[in-house]
Structures are given as C-alpha cells and as structure tokens.
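# Residue-level structural notes
Each chain is listed here by its residues.
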Amino acid sequence: MKKRGLLTVVFAFVCVLVLCGFESDRDFEISAGEDYFYCYSDGSYMDVTNRLNEIYNDVNKQNKAAVYDASKLKTFFKEYDIQFFAVNKNDASQIRVAVYSDETSEQIDDLSRKSDSRVEKFARNLTGGSSLDYGIYERDARKYIVLKGEEKDAGGSYFVTQFITVYNGKVFNISFFNNSGMTDKEYKILDTFEIKEASFPTKQPVIIVIFLAVGIALLTCLIIFMIWGLVHKKEKPGIETDLQQEADLDETDGDIPETEKISSNKT
C-alpha cells in the first residue's frame, strides 16, 4: 500500500510538470525557419556561436579567432534584453527579439489599442531625435512601430529594420539585420511572431502560482486514488468468491456420506 501511494504521488507530480509546463517562461513564439541557426536566452548557444565565428573569420581573414562563445553571447543577451537570436546559415543575416519593460511601456500597456497619433508620439520618443526613419505597421490587429537604420558589429555592416510593439506593459522588439532590408522571407518570419496570452496577470504574486500548482497536484492525487479504489473494489468480490468456493470444496471433501462409511466397514 505504501509503495503504491508513493508511486501515485510521484506520478501526480509528473502530471503537474507536464500540465503546468515547468518549461521556460517565454512571452512569445517565433519561427525563423530552416535557413537559420537560432537560440533562446535560456537554451543552447553552440550552433549560433559557431556560425557567428564563421562569419567573423570570413570578414577578418587576416586575424582569425573564435571571438564568440556562450559566455559572451549570454552577456550580450543580458545587456540588450535579447530573448531570441537567429543567424542565417548562408549569409550574415540576423534576427533578434528583445523584451523589456519600463515606465513608459507600463503606461502604454497595449500599443495596439492606442490611436495612431499616440503611437507616433511613442515612435518619436524611441528615435530620441535621431535621423532614424519610423512608421506604423499593422498585422492581425497588432500595431508595430517600424524603425530603419544601419549598424555595425564584428561581422560587418547591416541594414536594420525594427518592429516594436507594446503588450501587457512589455516592449517587444523584433529586429532584422541584413544587407538589403526587409524581403518577403523576413515578412513571413515576422508573421510567425505571436505574443503569448498570459494565464496570470504579470504582477501576480508568486505564492498564488505555487498554491495553484500544489492544488493541481493534490487534485491529481485524489483522482488517481479514486480510480485505484474503484478498480480495487471491482477486483475484490471476485477474489472473495474464489476463496469461498475453495472453502466449500474443502468442507465437502471432509464430510463422507453415511452410506459410504457403512460400505467401507463391510469391506
């Protein structure tokens, strides 16, 4: 009984791990496709760093070195709030998704619900008076501020197109780095970007989430015990019936009929 109870508890917690998804807490989903090596901030960086080093060595043929490693990339992610990074397998194109929040984003809450004039005001604040071009892009009822410019890094120069939106008080910046600007392929990748609808308010106390997880575990245990009890009850009558039949047979074998006793004595 104790062993079955222990196995039940273990099974219940496994169910909780699966159902509650103690997986990485990501706010979005995006698919870069087969042309890219990619990684999340909480995943493995190996393929991405290997590809970045290849690009660097192609540009700096006189000074080849492994300038990128997991530690440096992790620091880079933390510094720029990057949660997703992809680099093309055939050229130096990159995709970055940064997520962060500040006082302004918390005030805006959801950019898609704001008027175009309010969106443009936020866009001007983002450019900070620089010469960056900006515009408004809408897709599936979600508004993005589009910023265009150029950047350089160890791998070379890039044309950068940033799509910035705000949802639930968080800024989501999807940036495309390439040599020619946005193409149909990049727009198709942008179409795969989806912000996950939060199951709980973002400022929900952690203790409530813990209580919910424990509650689900206890409920799972209860359901399993009930099912086990029903199965056990169905099996029990059959066992008792078999034992009763065996007992009846033993009693029958012990009682010899009177006629058989007499005939036995005569012999």
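Scoring rules and cut-offs
Residues numbered from 1 in each chain as written. Predicted model: local features only at pLDDT ≥ 70, side-chain atom pairs only at ≥ 80, totals over all residues. Heavy atoms only, no water. Salt bridge = Lys/Arg side-chain N within 4 Å of Asp/Glu carboxyl O. Helix = DSSP H or I, 4+ residues; strand = E, 2+ residues; numbered from the N terminus. Buried < 20%, exposed > 50% of the residue type's maximum accessible area, 1.4 Å probe, protein only. Phe/Tyr/Trp six-rings, centres within 6.5 Å; stacked < 30°, edge-to-face > 60°. Lys NZ or Arg CZ within 6 Å of the ring centre and 35° of its normal. Expected span 1.5 Å × (residues − 1). Arc of directions from axis to C-beta. Contact = heavy atoms within 4.5 Å. Patch = residues over 30% accessible without salt bridge, like charges linked within 9 Å, V, L, I, M, F, W, Y side chains within 5 Å. Areas by Shrake-Rupley, 256 points an atom, 1.4 Å probe, with all protein chains shown as cover. Polar contact = N/O pair within 3.5 Å; in protein donor to acceptor, adjacent residues only side chain to side chain.

### Concerning the pattern of salt bridges
By the definition in use, this model includes seven salt bridges. As a salt-bridge pair, Glu54 and Arg51 come within 3.0 Å of each other at their nearest N and O atoms. Of this pair, Glu54 and Arg51 both sit in helix 2 (residues 46-59), three residues apart, roughly one helical turn. Ionic pairing is found between Asp116 and Lys143, a salt bridge with its closest N-O pair at 3.0 Å. Of this pair, Asp116 sits in helix 5 (residues 116-127) while Lys143 sits in strand 6 (residues 142-153), placing them 27 residues apart in sequence. Given a relative accessible area of 37%, Asp116 falls into the partly exposed group. For Lys143, a relative accessible area of 10% corresponds to the buried category. Salt bridges sharing common partners tie together Arg139, Asp140 and Asp191.

### Looking at the packing of aromatic side chains
Scanning the entire structure with this criterion turns up 17 aromatic pairs. Ring centres of Phe163 and Phe176 lie 6.0 Å apart, and the angle between their planes is 90°; this geometry places the pair in the edge-to-face category. Of this pair, Phe163 sits in strand 7 (residues 156-167) while Phe176 sits in strand 8 (residues 170-178), and the two are 13 residues apart along the sequence. With respect to class, Phe163 is no different from Phe176; both count as buried. Linked through ring pairs, Phe28, Tyr38, Tyr40, Phe84, Phe172 and Phe193 together constitute an aromatic cluster. One cation-aromatic arrangement involves Arg96 over Phe177; the distance from NZ or CZ to the ring centre is 4.0 Å. In this structure, Arg142 packs its charged tip against the face of Tyr167, placed 5.1 Å from the ring centre.

### Some points on helix 5
The first and last C-alpha atoms of helix 5 sit 16 Å apart over twelve residues, in line with the 16 Å expected at 1.5 Å per residue. Within the span of helix 5, buried status applies to Val119, Phe122, Ala123 and Thr127. Relative to the axis of helix 5, the buried residues are bounded by an arc of 140° and lie together on one face. Opposite the buried face of helix 5, by more than 90 degrees, sit the exposed residues Ser117 and Asn125. Here the buried face of helix 5 lies against helix 4 (103-108), strand 5 (133-139), strand 6 and strand 7.

### Focus: a nonpolar patch on the surface
Among the surface-exposed residues, Leu219, Leu222, Ile223, Met226 and Ile227 lie close enough to one another that they form a single nonpolar patch of about 490 Å² accessible area. The topology assignment puts Ile223 in helix 7 (residues 206-254). Looking at Ile223, the relative accessible area reads 42%, which means it is partly exposed.

### What about the side chain of Thr49?
Within the element layout of this structure, Thr49 appears in helix 2. Among the residues examined, Thr49 registers a relative accessible area of 7% and is labelled buried. Reaching out from Thr49, the side chain makes a polar contact with the backbone oxygen of Met46 at a distance of 2.9 Å. Every residue in contact with Thr49, bar those within four places of it in the chain, is listed here: Tyr68, Asp69, Ala70 and Leu73.

### Quick word on helix 3 (residues 70-80)
The backbone nitrogen of Ser71 lies 3.2 Å from a side-chain oxygen of the residue at the head of helix 3, namely Asp69. Looking one or two residues past helix 3, Asp81 carries a phi angle of roughly 60°, positive in sign.

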